[in-house]
Amino acid sequence: MSLTHYGTMFSYYSAKTRAYLCYRRIPFVEVYDAQALGGRVREQIGKLVIPVVETAEGEILQDTTVIIDTLEPRYIERPTFPDDEVLMLVTRIVEFIIDEFWITTAMHSRWNDPQSNLFAATEFGLGIGGSMGLVGDDALNMGLKVAARMQSYLPRLGIADEAGQKAASDYFESCSKVLNTAVDARQFLFGQRPSLIDFCVFTG
């Protein structure tokens, strides 16, 4: 039976788990059910967040690292953990950096750019509002409320002012150059097939 992947196309971290599930050929359906996420799922994990994976047995997995670490040994086809211990250590370091720090650059490009901001708010309205039966202006207003909440995090991330925004942009550009140098010579970061480190990049 397939897994249920609670995620959206506008969620950074959903991209990581979605790419992983697709590559591993693990059967899943993706839904965004605000009532389920805010109800029984929230009761089990203690917060409202995506992505969340629910197994056919009703097991709830949250946090991309936990999801992938749990599913990796359960499926044989197309494993993604490097066999080499050093490469696995590098993968974990990169995963931490991308999940915890790279996300700041994504928040900057999404919420400090007016066009990107409106696009994201509209998508939030379609996803969250749509799952609640809202359409049109009602859905958009829901999206704008969520967008305002997301924007409230910018000062905490240090990207609400010009200096912070420049630092985020410079960080993105320098990291992108390093990443491009590593990937240009081959299709994937560690060789000819994807590994966990490639799916981490989808987060940003």
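Residues numbered from 1 in each chain as written. Predicted model: local features only at pLDDT ≥ 70, side-chain atom pairs only at ≥ 80, totals over all residues. Heavy atoms only, no water.

Looking at this structure, I do not really get the overall build of the protein chain. What am I missing?
When its secondary structure is counted, the protein chain shows nine helices and four strands. Its helices and strands taken in sequence order, the protein chain reads β-α-β-α-β-β-α-α-α-α-α-α-α from the N to the C terminus. Against the globule reference of 17 Å for 204 residues, the protein chain gives a C-alpha radius of gyration of 18 Å, in line with a compact fold. Taking all 204 residues of the protein chain together, 41% fall into the buried category. Total accessible area computed for the protein chain in this model is approximately 11,300 Å², and 58% of it derives from carbon and sulfur atoms. (Helix = DSSP H or I, 4+ residues; strand = E, 2+ residues; numbered from the N terminus. Rg over C-alpha atoms; globule rule 2.2 N^0.38 Å. Buried < 20%, exposed > 50% of the residue type's maximum accessible area, 1.4 Å probe, protein only. Areas by Shrake-Rupley, 256 points an atom, 1.4 Å probe, with all protein chains shown as cover.)

So what exactly am I meant to see when it comes to the pattern of salt bridges here?
Opposite charge on two side chains permits pairing when their charged atoms draw close. In the structure shown here, the tally under the stated rule is 10 salt bridges. Between E95 and R92 there is a salt bridge, and its shortest N-O distance comes to 2.8 Å. Taken as a pair, E95 and R92 lie in helix α4 (residues 85-111) at a separation of three residues, close to a single helical turn. Classification of E95 by relative accessible area gives buried; the value is 4%. One connected set of salt bridges, linked through shared partners, spans K16, D69, R92, E95 and D99. (Salt bridge = Lys/Arg side-chain N within 4 Å of Asp/Glu carboxyl O.)

Please clarify how α4 should be interpreted in this entry.
An α-helical segment advances 3.6 residues per turn. Residues three or four places apart therefore align on the same side. Look at α4: 38 Å from first C-alpha to last across 27 residues, which is about the 39 Å you get at 1.5 Å a residue. Along α4, the helix axis deviates most sharply at W102, where the bend reaches about 40°. Here α4 starts with a cap whose side-chain oxygen sits 2.8 Å from the backbone nitrogen of V86, and that cap is D84. (Expected span 1.5 Å × (residues − 1). Bend = angle between axes of the 7 residues up to and from the residue. Polar contact = N/O pair within 3.5 Å; in protein donor to acceptor, adjacent residues only side chain to side chain.)

Teacher, can you tell me more about the side chain of D99 here?
Tracing the chain through its elements places D99 in helix α4. Exposure remark for D99: the relative accessible area of 7% places this residue in the buried category. Apart from the residues lying within four places of it in its own chain, the contact partners of D99 are Y13, K16, T64, T65 and T203. (Contact = heavy atoms within 4.5 Å.)

What is the right way to read the nonpolar core from this model?
Nonpolar side chains tend toward joint burial in soluble globular proteins. If you look at the biggest cluster of nonpolar residues, it comprises 17 residues, and the most contacted ones within it are L3, Y20, L21, I26 and L71. Elements with a contribution of two residues or more to this core: α1 (12-24), α3 (64-71), α4 and α9 (196-201). For this core, the element with the highest residue contribution is α1, accounting for four residues. Excluding anything up to four places from it in sequence, Y20 contacts I26, I68, L71, E72, T80 and F199. Membership of the second largest hydrophobic core comes to 16 residues, among which are F10, Y12, V146 and L154. (Core = buried A, V, L, I, M, F, W, Y, C linked by side-chain atoms within 4.5 Å.)

Help me understand the sheet that holds strand β3 (residues 52-54) in this model?
In a beta sheet, neighbouring strands pair by backbone hydrogen bonds and run either parallel or antiparallel. The sheet built from four strands is open, its strands ordered β2-β1-β3-β4 with mixed pairing. Looking at which strands have only one partner, the edges of the open sheet turn out to be β2 (28-31) and β4 (60-62). The mean angle between the axes of side-by-side strands here comes to 20°, regardless of whether they run parallel or antiparallel. Inspection of the sheet shows strand β1 (residues 3-6) paired to β3 by three bridges, in the antiparallel sense. Residue pairing for β3: Y6 is matched across the bridge by V52. Those strands touched by α1 are β1 and β2, and its axis lies near 155° from that of β1. Against the sheet, α3 touches β1, β3 and β4, its axis set at about 125° to β4. (Pairing = 2+ DSSP bridges. Axes fitted to C-alpha atoms, helices over the stretch in contact; angles between N-to-C directions.)

Just checking my understanding: could you explain a nonpolar patch on the surface for this structure?
Together, L89, I93, F96, I97 and F101 make up an exposed nonpolar region whose accessible area comes to about 490 Å². Taking the relative accessible area as the measure of exposure, I97 reaches 35% and is therefore partly exposed. (Patch = residues over 30% accessible without salt bridge, like charges linked within 9 Å, V, L, I, M, F, W, Y side chains within 5 Å.)

Is there a simple way to explain the side chain of T80 in this structure?
Considering the arrangement of structural elements, one finds T80 in the loop between α3 and α4. The class for T80 is buried, based on a relative accessible area of 0%.

What should I look at first to understand helix α6 (residues 136-151) in this one?
Compared with an ideal rise of 1.5 Å per residue, which puts 16 residues at 22 Å, α6 spans 22 Å between its outermost C-alpha atoms and is within 8% of the ideal. Within the span of α6, buried status applies to A139, M142, G143, V146 and A147. With its buried residues spanning 140° around the axis, α6 presents them on a single face. Opposite the buried face of α6, at more than 90 degrees from it, the exposed residues are D137 and K145. Where α6 is buried, its residues touch α4 and α5 (114-131). (Arc of directions from axis to C-beta.)

Remember, this is a structural readout, not a statement about activity or role.
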